[in-house]
Amino acid sequence: MTWFDPPRTGALHSAVMNPTARLIAPLFACLLLVTACRPADPGLVKIVSSLPRTGSAKQQTDAIVRGLRMAIEEAEGKVGPFRVEYLDLDDATAAAGQWTSEAEAANARRALQDPDVVAYIGTYNSGAAKVSMPILNLGDLLMVSPANTAVGLTKPGLGEPGEPNVYRPTGRLNYTRVVPADDLQGPLSADWAQERGVKKVYILDDSEVYGKGIADLFDERCREIGIEVLGHDSIDAKAQEFKSLMASVKAAGPDLVYFGGTTQSKGGQLAKDMVSAGITALLMVPDGCREQVFIDSAGAANLEGRCFVTFGGLPPEKLTGKGSEFVERYKKKFGELPEAYAVYGYEAACVALQAIRDAGVKDRRGISDAALAIKDFDGALGRWGFDENGDTTMRTLTVSVVKNGKFEFEEVLDANAVGDEAGLR
Amino acid sequence: MPRPATAVDVATGLPARAGVLAWLRERWEIVALAVLALAPLVVPALGGALGGQMTTLFIYCILALGLNVMVGYTGLVHLGIAAFFGIGAYLMAILTVPMYPFQIGWLAAAVVSVLLTAGIGLALGAPTLRLRGDYLAIVTLGFGEVVKVTLRNLEQITGGMKGLNPVPPPGAGVKVAGIDLGLAFAIDPRWFYYLSLLALAGVVVAMRRLEHSRLGRAWVAVREDELAASAMGISATRVKLSAFAMSSAVAGLAGCLYAGSLSTTADPNAYDFNRSIMVLCAVILGGLGSIPGTLLGVAILVGFDTVLAPWADSLIQQMNINPLGSSLLSFSGWRLAIFGLALVLVMRYRPEGLVPSRRLAAELREAHP
Amino acid sequence: MSVQFFLQQCLIGLTNGALIALVALGYTMVYGIIGLINFAHGDLIMLGACLALSIVTALGLAAAGPTATWLGIAMLVVVCGLFCGGLNLAVDRIVYKPLRTAPKLAPLVSAIGVSFIFMNIGLFWIGPADRSFPELLPAANLLPGEGLQFTWKDLLVVLVVVPLMVALSLLVKSTRLGKAMRAVSQDATAAALVGIDVDRVIAATFFIGGFLGGAASVIYGLYINTIGFQMGFQNGLYAFTAAVLGGIGSIPGAVVGGIVIGLVRALSSAYVGERWTGAIVFAILIVILVFRPEGLLGRRTREKV
């Protein structure tokens with residue numbers, strides 16, 4: 001074979017090109033036809049969810065989806081004059097093993113395109129919400145997140161410049177969340193630590209939108225109230241062990257280690273390496289770690305009595321009224337206590353159903369407005385409503401401690417006192 | 001060696017015919033592009049989610065064609081193409097987002113970031129060119145990791161895991177015949193569909209011309225035998241550097257389109273090793289050095305993940321055969337295995353790729369008559 | 001920061017490095033003999049760790065006495081070694097063997113495919129979340145004083161890794177099989193001409209590489225104490241990097257590469273910041289390769305005309 005290119009005679013040139021035309025044309029044709037188009041059905045409304053259903057967050061999202069399905073089943077698949085269908089979309093891909101921007105964008109577009117879809121439950125990751133919020137806003141499609149806590153998504157002045165208006169190209173609101181944002185959780189955790197007599201903290205985060213966001217807020221509040229911050233470092237959520245890091249933490253000698261992150265971003269491993277490095281300090285983690293898997297992956301003995309978890313709202317076993325009824329039904333159905341986020345999935349679906357019922361028409365703008373108008377909702381999480389930003393008015397925060405391999409309720413944090421003091425609404 | 005025309009005809013089992021058919025065979029890309037260009041007129045779904053997915057597909061096609069310059073033509077294994085994809089996207093964002101003072105407009109930003117990405121490619125290529133084979137591969141892999149970590153950590157510049165957003169759509173603020181172009185781009189995915197299709201068409205045409213140009217032939221010469229090529233008066237260093245730069249530039253272009261179409265750079269994890277590997281698989285699966293092969297490889301691999309898998313999952317859900325939500329009964333539970341099996345089987349039965357390049361095919365036929 | 005702190009970090013780096021080196025051997029041996037970057041090696045180790053966890057759970061080893069524990073660990077190393085070795089051998093037979101004459105990058109893509117298949121098996125085996133691997137060894141410090149920590153776990157890594165490496169180098173240096181392996185890695189055709197059964201040598205290499213991987217998976221479980229279906233990726237990335245850094249195809253090179261990477265990771269975490277470790281490891285790798293293009297202990301090969 002010489003490297004000279006042979007002269008381009010027609011027949012030679014077509015030698016391998018020929019099968020190509022035959023291969024590519026039908027392939028693209030198939031791709032184009034995969035989504036069949038149906039006209040809208042006037043008696044049907046669809047609720048979709050977009051959560052990472054592949055990869056390591058699956059356990060949490062399984063719980064959320066179970067909650068969602070239960071809410072729809074309890075409504076017997078009907079709301080007002082409409083039949084309800086539910087579709088569980090995945091915003092993670094096998095190749096990435098976690099949510100990806102394009103999968104989330106595709107889900108949002110897909111929901112917009114189907115005229116029967118009137119509510120979008122999601123997202124799980126705050127980063128993903130930043131992708132789908134502006135897309136869904138263009139169609140006024142109601143978005144109810146069971147798990148986003150990044151402050152910038154809704155609260156003017158607390159996130160980056162331009163937030164949250166960059167997510168609202170139409171200037172109208174369509175995004176709501178049933179979970180309290182991090183502006184409460186981060187600072188309150190710091191206050192709690194001070195009450196416990198903590199003087200020196202070492203702060204770690206997973207460098208994700210959620211984890212870093214909450215760790216920064218914790219850091220800020222510590223400096224305000226005079227807790228010494230010995231160090232603040234980010235971990236790589238894909239790293240396998242943190243032995244060197246823990247040797248550094250040990251050398252610094254904190255009273256408490258705060259980790260802003262989730263079970264998926266190695267909360268368990270961190271706790272484990274902390275113990276094996278011989279660190280006796282307390283460990284504090286936010287709600288992203290409040291799931292049984294966290295205890296299982298850390299090893300219960302490593303957390304026993306020293307690991308504290310904050311959580312927006314009451315834990316499943318402390319819920320009253322509708323909440324405790326939900327927990328009972330869940331236990332009966334699945335034979336286990338629900339993960340903390342299952343209630344939020346349930347509540348998000350209930351809010352969506354309520355909004356459809358209130359609106360009474362199959363009109364996306366109308367349903368979004370109806371949702372934002374919910375001011376006094378009697379749900380599984382208690383009585384609460386949406387404020388002018390689409391945030392929940394619920395300000396209950398609780399601290400749990402790990403005991404006997406389970407989360408055990410410790411105390412309710414007084415959100416109002418701290419909120420005012422910290423200059424937060 | 002050039003083969004006589006008859007031999008080729010026997011090999012493909014198809015008699016050469018004059019006229020329209022022959023033209024079609026030679027110019028498959030015109031047909032494919034025409035079909036894709038007309039598709040939005042007949043397939044309304046392209047105005048929605050599918051339009052966005054197809055846009056993603058086109059962007060990956062561009063990225064893979066860029067990688068093909070390195071791996072296919074020049075024979076240098078590159079495991080960090082996603083880094084250049086990311087650099088293109090972040091440069092695009094830095095030049096257009098409101099956070100920075102530049103805001104120079106989409107097209108200008110695209111040109112500047114493509115050039116800068118090519119420059120960064122050169123800067124990486126220059127010191128590492130004396131590495132061969134898998135040592136070069138690991139350097140590109142390492143570069144990819146360094147870029148990812150740096151993008152994540154330099155929060156003041158790159159926004160950290162939040163990424164940079166919003167990247168304004170092309171033509172933001174420009175009004176043509178009473179239509180605000182920027183708004184049109186934001187609302188209707190078909191605008192981006194056409195823009196990325198146009199860019200893909202441009203890249204395909206450019207690659208075809210390059211393939212047969214002096215430079216393209218020099219790339220292949222260096223791949224086949226660096227010493228012999230040098231003996232013929234080709235400067236291997238310059239040829240390899242040009243491949244590095246070209247590859248990076250095309251990847252940068254893909255990055256610009258990516259950031260534009262998502263209106264954000266997404267977080268640095270979008271540009272990690274997984275993505276590089278996926279694109280490399282697409283290029284090899286399709287056929288090294290073959291433009292139609294590369295496109296087909298991307299269509300299959302990316303199409304599987306972004307189009308087929310979600311569709312199959314919702315089909316299974318609608319059929320309601322999985323009331324308990326067991327992952328054994330969902331398509332996504334098996335996604336990885338299906339994906340892996342497909343790679344293994346294609347390589348087992350078509351080790352030279354699905355649509356091997358003419359040169360490679362001829363070579364194999366010579367080796368195994 | 002004190003000298004003690006520095007020594008502590010070096011100890012951590014060395015122990016981690018030894019583990020990386022054990023995995024890197026699997027890469028370097030397969031590469032040396034058929035020129036394939038075996039992307040599935042990390043995921044093979046993941047499957048080994050899944051098996052180890054299943055055995056530990058089934059036998060209730062976590063509650064056993066010290067003698068039973070040490071016997072159990074030895075048994076685990078052997079069983080998981082055989083499992084991974086056998087699996088690696090089977091994959092070679094089914095997947096890579098038909099591709100010996102194929103273009104060079106074809107087996108690479110197959111290896112990536114195998115790695116995805118392994119991950120899916122692991123996903124069904126242990127589920128999507130990380131699983132805790134029981135602590136079988138006492139956490140007591142073996143060194144006197146408070147400052148420097150070196151526990152049974154760390155000792156175990158050394159106790160398993162060093163003998164395995166010595167055995168491997170003896171095998172390669174002074175047995176018939178080792179000689180054949182070296183011959184095949186230099187020139188497979190010439191080796192076949194002098195009567196070496198090349199296929200058998202390749203099979204043996206895959207088995208030995210897999211066996212070491214299986215041993216590494218047990219150590220990994222006991223030392224890191226967490227396993228998950230995605231662990232193979234990061235594992236493989238660092239090990240492969242170590243193999244290349246040391247000079248791919250060279251057995252002592254893989255050991256040196258692994259230890260260098262372990263040390264760089266520990267020290268950059270300590271003195272620069274955990275968040276930069278990934279970048280520093282790879283930046284140092286690039287710099288080393290720019291100045292020593294054939295790796296630290298690699299052979300300088302001349303291009304043949």
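Starting from 1, residues in each chain are numbered consecutively following that chain's sequence as written. Naming scheme: in the order in which they are written, chains are lettered from A and ligands are numbered from 1. Side-chain atom pairs in this predicted model are given and counted only at pLDDT of 80 or more, local residue features only at pLDDT of at least 70, and totals for whole chains, interfaces and linings cover all residues.

(A) Quick look at the overall build of chain C. Looking only at helices and strands, chain C features eleven helices and two strands. Beginning at the N terminus, the succession of helices and strands in chain C can be written as α-α-α-α-β-α-α-α-α-β-α-α-α. Projected onto the principal axes, the alpha-carbon positions of chain C cover approximately 60 × 45 × 40 Å. Put plainly, a residue is buried at 20 or more neighbouring C-beta atoms within 10 Å of its own, exposed at 12 or fewer, and partly exposed in between, counting only other residues' C-beta atoms, which are placed from the backbone. When the 305 residues of chain C are sorted by exposure, 57% land in the buried category. In chain C, the share of contacts with a sequence separation of at least 24, taken over all contacts with a separation of at least 6, comes to 77%. Secondary structure counts use DSSP, requiring at least four H or I residues in a row for a helix and at least two E residues in a row for a strand, with both numbered from the N terminus. Two residues qualify as being in contact provided that their C-beta atoms, derived from the backbone, are within 7 Å of each other.

(B) Here's a closer look at the overall build of chain B. Helices and strands together make up the secondary structure of chain B, namely 17 helices and two strands. Every one of the 369 residues in chain B was classed for burial, and the buried ones make up 60%. A separation threshold of at least 6 residues defines the contact pool for chain B, and within that pool the share at least 24 residues apart is 75%.

(C) Region of the structure containing the interface of chain B and chain C. Counting from both sides, the interface comprises 35 residues of chain B and, opposite them, 36 residues of chain C. Elements represented by at least two residues in the side of chain B that touches chain C include exactly α6 (106-128), α7 (133-153), α12 (226-231), α14 (273-286) and α16 (331-349) of chain B. Ranked by residue count, the leading element in the side of chain B that touches chain C is α7(B), at eleven residues. Per-class residue counts for the side of chain B that touches chain C are 24 nonpolar, five polar and six charged. Gly is placed with the polar residues, together with every amino acid not listed as nonpolar (Ala, Val, Leu, Ile, Met, Phe, Trp, Tyr, Cys and Pro) or charged (Asp, Glu, Lys and Arg).

(D) View of the packing of α16(B) against helix α4 (residues 106-126) of chain C. To obtain each axis, a line is fitted to C-alpha atoms, and for helices this fit is confined to the stretch in contact; angles are then taken between N-to-C directions over 0 to 180 degrees. At a minimum axis distance of 7 Å, the contact between α16(B) and α4(C) shows a crossing angle of 155°. Viewed along their axes, α16(B) and α4(C) adopt a mutual orientation that is roughly antiparallel. The element α16(B) and its partner α4(C) pack so that their crossing is left-handed. Judged by residue contacts, B:Trp334, B:Leu336, B:Ala337, B:Phe339, B:Gly340, B:Leu341, B:Leu343, B:Val344 and B:Met347 of α16(B) engage C:Ala106, C:Val109, C:Ser110, C:Ile112, C:Gly113, C:Val114, C:Ser115, C:Phe116, C:Ile117, C:Met119, C:Asn120 and C:Leu123 from α4(C). For the contact of α16(B) with α4(C), a count of residues per class yields 16 nonpolar, five polar and no charged. Any angle that is under 35 degrees is reported as roughly parallel, and any over 145 degrees as roughly antiparallel; angles of 65 to 115 degrees are reported as roughly perpendicular and all others as oblique. In this scheme the handedness of a crossing depends on how the near helix is turned from the far one: anticlockwise by less than a right angle means left-handed, clockwise means right-handed.

(E) Here's a closer look at the confidence of the model for chain C. Residues and elements named next belong to chain C. pLDDT expresses how confident the predictor is about each individual residue, on a scale running from 0 to 100. Confidence in the prediction of chain C, expressed as mean pLDDT, is 90, and 98% of residues score 70 or more. Averaged pLDDT values over the elements of chain C bottom out at 88 in strand β1 (residues 131-132) and peak at 95 in helix α2 (residues 41-59). Among the scores for the predicted complex, ipTM is 0.90 and pTM is 0.86.

(F) Region of the structure containing the nonpolar core. Membership of the largest hydrophobic core comes to 368 residues, with the highest contact counts inside it found for A:Ala352 and B:Ile62. If one sorts the elements of this core by residue count, helix α4 (residues 49-73) of chain B sits on top with 17 residues. A set of buried residues qualifies as a nonpolar core if it consists of Ala, Val, Leu, Ile, Met, Phe, Trp, Tyr and Cys joined through C-beta atoms within 7 Å.

(G) Broad picture of the sheet that holds strand β10 (residues 282-285) of chain A. Residue and element names in this part refer to chain A. Taking strand neighbours across the sheet as the criterion, the seven strands line up as β8-β7-β9-β10-β11-β14-β15 in an open arrangement whose pairing is mixed. Whereas interior strands pair on both sides, the edge strands pair on one side only; in this sheet they are β8 (228-234) and β15 (406-413). Each neighbouring strand pair of the sheet contributes to a mean axis angle of 25°, computed without reference to strand direction. Two strands qualify as a pair provided that DSSP identifies no fewer than 2 bridges between them. Across three bridges, the pairing between β10 and strand β11 (residues 307-312) is parallel. Bridge pairing links Val-285 to Val-309 in β11.

(H) Spotlight on the environment of A:Leu314. Mapped onto the elements, A:Leu314 comes out in the loop between β11 and α11 (322-334). For the pair A:Leu314 and A:Gly231, spaced 83 residues apart in the sequence, the C-alpha separation amounts to 31 Å.

(I) Looking closely at the pairing of β10(A). Residue and element names in this part refer to chain A. When strand β9 (residues 256-260) meets β10, the two strands line up parallel, connected through three bridges. Residue pairing in the sheet places Val-257 in a bridge with Leu-283 of β10. By convention, orient the strands away from the viewer: a clockwise path from the first strand over the helix to the second makes the crossover right-handed. Between the parallel pair β9 and β10, the chain is carried across by helix α8 (residues 267-276), and the sense of this crossover is right-handed.

(J) Broad picture of α14(B). Given the number of residues in a helix, its expected span is that number minus one, multiplied by 1.5 Å. Its 14 residues place the ends of α14(B) 20 Å apart at the C-alpha level, agreeing with the 20 Å of an ideal helix rising 1.5 Å per residue. Taken across its 14 residues, α14(B) has twelve buried, putting it largely inside the fold. All of the buried residues along α14(B) are B:Arg275, B:Ser276, B:Ile277, B:Met278, B:Val279, B:Leu280, B:Cys281, B:Ala282, B:Val283, B:Ile284, B:Leu285 and B:Gly286. Tucked inside the fold, the buried residues of α14(B) contact α4, α5 (81-96), α7, α15 (291-319) and α16 of chain B together with α4 of chain C. Of the residues flanking the end of α14(B), it is B:Gly287, one or two places downstream, whose phi is positive at about 135°.

(K) The sheet that holds strand β4 (residues 117-121) of chain A, seen in detail. All names here are of chain A. Read from one edge to the other, the open sheet built from six strands follows the order β2-β3-β1-β4-β5-β6, with strand pairing classed as mixed. Unpaired on one side and paired on the other, β2 (78-79) and β6 (175-177) mark the two borders of the sheet. Of the pairings in the sheet, the one linking strand β5 (residues 142-145) to β6 comprises three bridges and is parallel in character. From the neighbouring strand, Met-143 faces β6, where its bridge partner is Tyr-175.

(L) Region of the structure containing the packing of α4(B) against helix α10 (residues 189-211) of chain B. Residue and element names in this part refer to chain B. At a minimum axis separation of 9 Å, α4 and α10 run at an interaxial angle of 20°. Taken together, the axis directions place α4 and α10 in an arrangement best described as roughly parallel. Between α4 and α10 the crossing geometry is left-handed. Packed against α4, whose contacting residues are Gly-51, Gly-52, Met-54, Thr-55, Phe-58, Ile-59, Cys-61, Ile-62 and Leu-65, the element α10 presents Pro-189, Arg-190, Phe-192, Tyr-193, Ser-196, Leu-197, Ala-199, Leu-200, Val-203 and Met-207 at the interface. Its residues assigned to classes, the contact of α4 with α10 comprises 14 nonpolar, four polar and one charged.

(M) Focus on the confidence of the model for chain B. Mean pLDDT over chain B stands at 84; residues scoring 70 or higher make up 88%. Mean pLDDT across the elements of chain B ranges from a minimum in helix α1 (residues 5-12) of chain B, with 41, to a maximum in α5(B), with 95.

(N) Region of the structure containing the environment of C:Ile288. Residue and element names in this part refer to chain C. Its location among the elements puts Ile-288 in helix α11 (residues 277-291). Judged by C-beta crowding, with 16 C-beta atoms within 10 Å, Ile-288 ranks as partly exposed. Not counting the four nearest positions on each side in its chain, Ile-288 is found in contact with Leu-245 and Leu-296.

(O) Layout of the environment of C:Thr67. All names here are of chain C. Tracing the sequence through the fold places Thr-67 in helix α3 (residues 66-96). Judged by the 8 C-beta atoms lying within 10 Å of it, Thr-67 falls in the exposed class. Placed 84 residues apart in sequence, Thr-67 and Thr-151 show a C-alpha to C-alpha distance of 18 Å.

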